[in-house]
Amino acid sequence: MTVATKSLLSNCADCPIRHRAVCARCEADELAQLEEIKYYRSFEAGQTIVWSNDRMDFVASVVSGVATLTQTMEDGRTQMVGLLLPSDFVGRPGRKGAAYDIVATTDLIMCCFRKKPFEKMMIDTPHISHRLLEMTLDELDAAREWMLVLGRKTAREKIASLLNIVARRQPTFSPHGDVVFDLPLTREAMADYLGLTLETVSRQMSALRKAGIISLQGNRHVTVPDMARLMEAAGDDSDGGHLI
């Protein structure tokens, strides 16, 4: 972590995820309590944050970067089951071990809280427990939405849906004007996550580019000139609901 980054993160008020993370509802005195139990950790792309069933003595919010959640079956096969994007919460209060392998897919910074003091704050500080409940319910809604993506959408809609999710979670996202971001996943990882072949992912990315829905610089630098067109390609309307 650079000196400039440490300086930026030293004050919660300047944190880029301040109003979306688990501490979003906290008052000044509650933030001061969190300051006493927090610390930052940085990970390089490809580095494992925690293995499934490993003991976790911390919970955390993703400040910047992206990580994957992966589950390994008894025969050794693995399946990516989720993405962790900025402001997402990592870890489970009340559970000793990790439920999934968590691997940084880009350089990653996490704001970590020692688990035991955080669990006590959840009891003593309603703002934290209420916000965590909100985030948990949002995560449940997202998981159900993803079941629809994987089970019912076409290959083109799956690719557009993933691009839409990543675009909307950019810190500078605006529904008006260009949205620019780097894809956090290789095309191989996208294929694994979406249940598609590598060839299908490449073909559909090219089709979206040729249609002018996205532009590409290299394989992973994406510009979306019109979010409404991307949502339409994903099978969603301008409010994010499904087209029927």
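Data block above holds the structure.
Once a new chain begins, its residue numbering starts again from 1 and follows that chain's sequence as written. A pLDDT threshold of at least 70 governs which residues receive local features in this predicted model, and a stricter bar of 80 or more applies before side-chain atom pairs are shown or counted, although totals over entire chains, interfaces and linings include all residues. To obtain the side-chain values, all non-hydrogen atoms of the structure were included, while hydrogens and water were left out.

K.L.:
Lay out the packing of helix α3 (residues 115-124) against helix α4 (residues 126-152) in plain terms, naming residues and giving numbers.
P.N.:
Look at α3 against α4: their axes get within 5 Å of each other, and the N-to-C directions meet at 100°. One finds that α3 runs roughly perpendicular with respect to α4. Touching Phe 118, Met 121, Met 122 and Asp 124 of α3 are Pro 126, Ile 128, Ser 129 and Leu 132, all from α4. Classifying every residue of the contact of α3 with α4 by side-chain character gives six nonpolar, one polar and one charged. To define axes, lines are fitted to C-alpha atoms, for helices over the stretch in contact only, and angles between the resulting N-to-C directions are given on a 0 to 180 degree scale. The numbering of helices and of strands both runs from the N terminus, where a helix is a DSSP run of H or I of at least 4 residues and a strand a run of E of at least 2. By definition in this entry, angles of less than 35 degrees are roughly parallel, angles greater than 145 are roughly antiparallel, angles of 65 to 115 are roughly perpendicular, and the rest are oblique. Contact definition: two residues touch when any of their heavy atoms are within 4.5 Å. Only Asp, Glu, Lys and Arg are considered charged in this grouping, and only Ala, Val, Leu, Ile, Met, Phe, Trp, Tyr, Cys and Pro are considered nonpolar; every other residue, Gly among them, is considered polar.

K.L.:
Would you mind going over the sheet that holds strand β9 (residues 179-182) in detail, with residue names and values included?
P.N.:
As a general point, the strands of a sheet are linked pairwise by backbone hydrogen bonds and lie either parallel or antiparallel. Two strands qualify as a pair provided that DSSP identifies no fewer than 2 bridges between them. One open sheet accounts for three strands, arranged β9-β11-β10; its pairing is antiparallel. A single partner strand is all that each edge strand has here, and the edge strands are β9 and β10 (215-217). The mean inter-strand angle of the sheet, taken between neighbouring strand axes irrespective of direction, is 20°. Two elements, β9 and strand β11 (residues 221-224), share four bridges in a ladder whose sense is antiparallel. Counterpart to Val 179 in the pairing with β11 is Val 224.

K.L.:
Account for unusual backbone geometry, with residues named and values stated.
P.N.:
Unusually for a residue other than glycine, Asn 53 sits at a positive phi of about 75°. For Asn 53, the location among the structural elements is in the loop between β2 (48-50) and β3 (58-64). The phi angle at Ser 87 is positive, at roughly 85°, despite the residue not being glycine. Within the secondary structure, Ser 87 sits in the loop between β5 (78-84) and β6 (89-90). On the accessibility criterion, Ser 87 (5% relative accessible area) is buried. For every residue, the accessible area (1.4 Å probe, protein chains only) is compared with the maximum for its type, and the residue is labelled buried under 20%, exposed over 50%, or partly exposed between those bounds.

K.L.:
So, α4: which residues are in play, and what are the values?
P.N.:
Helices are assigned an expected span. That span is 1.5 Å times one less than the residue count. With 27 residues, α4 extends 39 Å from end C-alpha to end C-alpha; this agrees with the ideal 39 Å at 1.5 Å per step. Taken as a whole, α4 has its buried residues at Ile 128, Arg 131, Leu 132, Met 135, Trp 146 and Val 149. Looking at the buried positions of α4, the neighbouring elements they touch are α2 (28-37), β6, α3, α5 (155-168) and α6 (187-194).

K.L.:
Now, about helix α7 (residues 198-210): what can you tell me, with residues and values included?
P.N.:
Across its 13 residues, α7 extends 18 Å between first and last C-alpha, which sits within 8% of the 18 Å expected from 1.5 Å per residue. Of the surrounding secondary structure, the elements contacted by the buried residues of α7 are α5, α6, β10 and α8 (227-233). Following α7 by one or two positions, Gly 212 has its phi on the positive side, about 80°.

K.L.:
How would you summarise the packing of α5 against α7 if you had to cite specific residues and measurements?
P.N.:
Two elements in contact, α5 and α7, have axes whose closest approach is 9 Å; the angle formed by their N-to-C orientations is 75°. For the element pair α5 / α7, the angle class is roughly perpendicular. Listed contacts from α7 to Ala 155, Arg 156, Ile 159, Ala 160 and Leu 163 of α5 are Thr 200, Val 201, Gln 204, Met 205, Ala 207 and Leu 208. Partitioning the contact of α5 with α7 into residue classes produces eight nonpolar, two polar and one charged.

K.L.:
Got a sec to walk through the environment of Leu 148? Specific residues and values, please.
P.N.:
By secondary structure assignment, the location of Leu 148 is in helix α4. On the basis of relative accessibility, which here comes to 28%, the residue Leu 148 falls in the partly exposed class. Placed 130 residues apart in sequence, Leu 148 and Arg 18 show a C-alpha to C-alpha distance of 31 Å.

K.L.:
Describe the environment of Ile 17, and please don't skip the residues or the numbers.
P.N.:
With respect to the helices and strands, Ile 17 occurs in the loop between α1 (3-9) and α2. Here Ile 17 falls in the buried class, since its relative accessible area comes to 3%. Separated by 130 residues in the primary sequence, Ile 17 and Met 147 place their C-alpha atoms 27 Å from one another. Residue contacts for Ile 17: discarding those within four places in its chain leaves Ser 61, Val 62, Val 63, Pro 86 and Ser 87.

K.L.:
Could you give an account of the environment of Lys 96, with specific residues and numbers?
P.N.:
Counting through the fold element by element, Lys 96 comes out in the loop between β6 and β7 (101-104). In this structure the C-alpha to C-alpha distance between Lys 96 and Lys 115, which are 19 residues apart in sequence, comes to 9.3 Å. Setting aside anything within four residues of it in sequence, one finds Lys 96 in contact with Asp 54, Arg 55, Met 56 and Lys 115.

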